[in-house]
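Spelled out from the first residue to the last, the chains are:
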Amino acid sequence: MTCTCLQPPHLPLLSVLRRHMARRNHTIVTEFFLTAFSEHPEWGLPLFLLFLGFYVITLLGNAGMVLLIRVDGRLHTPMYFLLGHLSFVDICYSSTIVPQMLAVLLQRGAALSYTCCAAQFFLFTFFASIDCYLLALMAYDRYVAVCRPLLYVTIMTEKARWGFVAGAYGAGFSSAFVRTITAFSLSFCGDNEIDFIFCDLPPLLKLTCGDSYTQEVVIVVFAIFVMPICVVAILVSYLFIVVAIMRIPSAGGRAKTFSTCASHLTAVSLFFGTLIFMYLRGNEDQPSEGDRVVSVLYTVVTPLLNPFIYSLRNKEVKEAFRKALNRPKASGRT
């Protein structure tokens, strides 16, 4: 049997015909089936117990941080106001992903309707975007405290704080809404299996059929308004902070000033480092197991560690915690 080669002028027409036939022949996906670590079924129960423990500690740690900031008057400052919102968002952020992941691990896979997958993607993008904006605002707060100490009270007023936080929530909602509408306007066909722990963008793009270039451009453009802009804001803020610290004459003064920023820098490095590793590299030929490990870091580990990062390295939080623990003893004596 001989094959006749088409001349170059016919290639665009052939490409269009192939995409049209693909859309007609493929089965349109109406639900997704999540599988995680399916190549290691013996890991299911140990990972379930491990992540369940992580999730409980995440809820207790972040809820405790929110409560501590609320009840202790010494923590009613702009920095802890932002930290309280970060802890609240981390609870929501983790609760969007971890319960579904636990179900996947326990049942060795779980079906998720198209609507539920879109809702999970929206909530994940919404809370992750707010996290990015809050970390950037906390960097700005440290910049004002270190570089403009005399104007700190004037700039970081209660009205300004609420305005900053409202802007973070509003920007997070707008970004998540546009990215979700754009992502789920794509055609998903053929295999509906997502070898991942939740409905995230990289595995979803692997299930698309047809031309998705325009939607992917929109998704990337709106992503630029979240992660890279927040990273630049944080880097610029800390550049000015480092310059200001270097001008302090005493070594003790420099160490004390830098210690107030160390907790935030640790949280920023952990959160943005894993996100950049996951999203700012090529989507093709990524090892699925490596993707899942990285996704666990920014969906499970980061919300777990944040309360400990800000409490173990923070004198005010540790003192407030000791005071809260001593209250029941004091009330019992009276």
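Preceding this section is the structure that the text describes.
Rules and cut-offs
- Residues numbered from 1 in each chain as written.
- Predicted model: local features only at pLDDT ≥ 70, side-chain atom pairs only at ≥ 80, totals over all residues.
- Heavy atoms only, no water.
- Helix = DSSP H or I, 4+ residues; strand = E, 2+ residues; numbered from the N terminus.
- Buried < 20%, exposed > 50% of the residue type's maximum accessible area, 1.4 Å probe, protein only.
- Contact = heavy atoms within 4.5 Å.
- Areas by Shrake-Rupley, 256 points an atom, 1.4 Å probe, with all protein chains shown as cover.
- Pairing = 2+ DSSP bridges.
- Patch = residues over 30% accessible without salt bridge, like charges linked within 9 Å, V, L, I, M, F, W, Y side chains within 5 Å.
- Salt bridge = Lys/Arg side-chain N within 4 Å of Asp/Glu carboxyl O.
- Lys, Arg positive; Asp, Glu negative; His and termini not counted.
- Phe/Tyr/Trp six-rings, centres within 6.5 Å; stacked < 30°, edge-to-face > 60°.
- Disulfide = S-S within 2.5 Å.

Caption draft 1: Inspection of the overall build of the protein chain at higher detail. Within the protein chain, the regular secondary structure consists of twelve helices and five strands. By the burial criterion, 44% of the 334 residues in the protein chain qualify as buried. Taking as baseline every contact in the protein chain between residues at least 6 positions apart, the subset at least 24 positions apart corresponds to 82%. On the protein chain, roughly 17700 Å² of surface is accessible, and the fraction owed to carbon and sulfur atoms is 68%.

Caption draft 2: Representation of the pairing of strand β1 (residues 31-34) in the model. Side chains Phe32 and Leu34 project from β1 onto a buried face, and the interleaved Glu31 and Phe33 project onto a face without burial. Here β1 pairs with strand β2 (residues 110-113) via four bridges, running antiparallel. Directly across from Leu34, in β2, lies its bridge partner Ala110. Strand direction decides the pairing type here: β1 and strand β4 (residues 193-194), joined by two bridges, are parallel. Bridge pairing in β4 places Phe33 opposite Glu193.

Caption draft 3: Representation of a nonpolar patch on the surface within the structure. Taken together, Val217, Val221, Phe225 and Ile229 make up a surface patch of nonpolar side chains, about 320 Å² in accessible area. Inspection of the secondary structure puts Val217 in helix α8 (residues 213-224). On the basis of relative accessibility, which here comes to 34%, the residue Val217 falls in the partly exposed class.

Caption draft 4: Main features of the side chain of Arg161. With respect to the helices, strands and loops of the structure, Arg161 is situated in helix α6 (residues 158-183). Here Arg161 sits buried without a salt bridge, and the closest side chain of opposite charge, Glu158, lies 5.0 Å off (N-O distance). Not counting residues up to four positions away in its chain, the partners in contact with Arg161 are His76, Thr77, Pro78, Phe81 and Met156.

Caption draft 5: Local environment of the packing of aromatic side chains. Going through the model one piece at a time under the given rule, you end up with 18 aromatic pairs. Consider the rings of Phe32 and Tyr114, whose centres lie 6.1 Å apart with planes at 20°: the pair is stacked. Here Tyr114 lies in helix α4 (residues 114-147) and Phe32 lies in strand β1, a separation of 82 residues in the sequence. With a relative accessible area of 26%, Tyr114 lands in the partly exposed category. Ring centres 5.0 Å apart and planes at 45° place the aromatic pair Phe126 and Phe127 in the tilted group. Take Phe126: its relative accessible area is 13%, and that puts it in the buried class. Linked through ring pairs, Tyr93, Phe124, Phe198, Phe271, Phe272 and Tyr298 together constitute an aromatic cluster.

Caption draft 6: Structural detail: the pattern of salt bridges. If you walk through the whole model with that rule in mind, you get two salt bridges. Notably, a salt bridge pairs Asp72 with Arg74, separated by 3.3 Å at the nearest N-O pair. Of the residues examined, Arg74 reaches a relative accessible area of 43% and is grouped as partly exposed. With its nearest N and O atoms 2.8 Å apart, the salt bridge here joins Arg142 to Asp141. No difference in accessibility class separates Arg142 from Asp141, as the two residues are buried.

Caption draft 7: Fine view of the state of the cysteines. Inspection of every chain in the model, using the stated rule, returns one disulfide. Each disulfide pairs two cysteine sulfurs, and for Cys117 the partner residue is Cys199, the sulfurs being separated by 2.1 Å. With the S-S dihedral at roughly -125°, the linkage between Cys117 and Cys199 falls on the left-handed side. With Cys117 in helix α4 and Cys199 in the loop between β4 and α7 (201-205), this residue pair connects regions lying 82 residues apart in the sequence. Like Cys199, Cys117 is buried. Not engaged in a disulfide, the cysteine Cys116 finds its nearest cysteine sulfur in Cys117; these two sulfurs lie 8.8 Å apart. The thiol of Cys132 is unpaired, and the distance to the nearest cysteine sulfur, on Cys230, comes to 5.3 Å.

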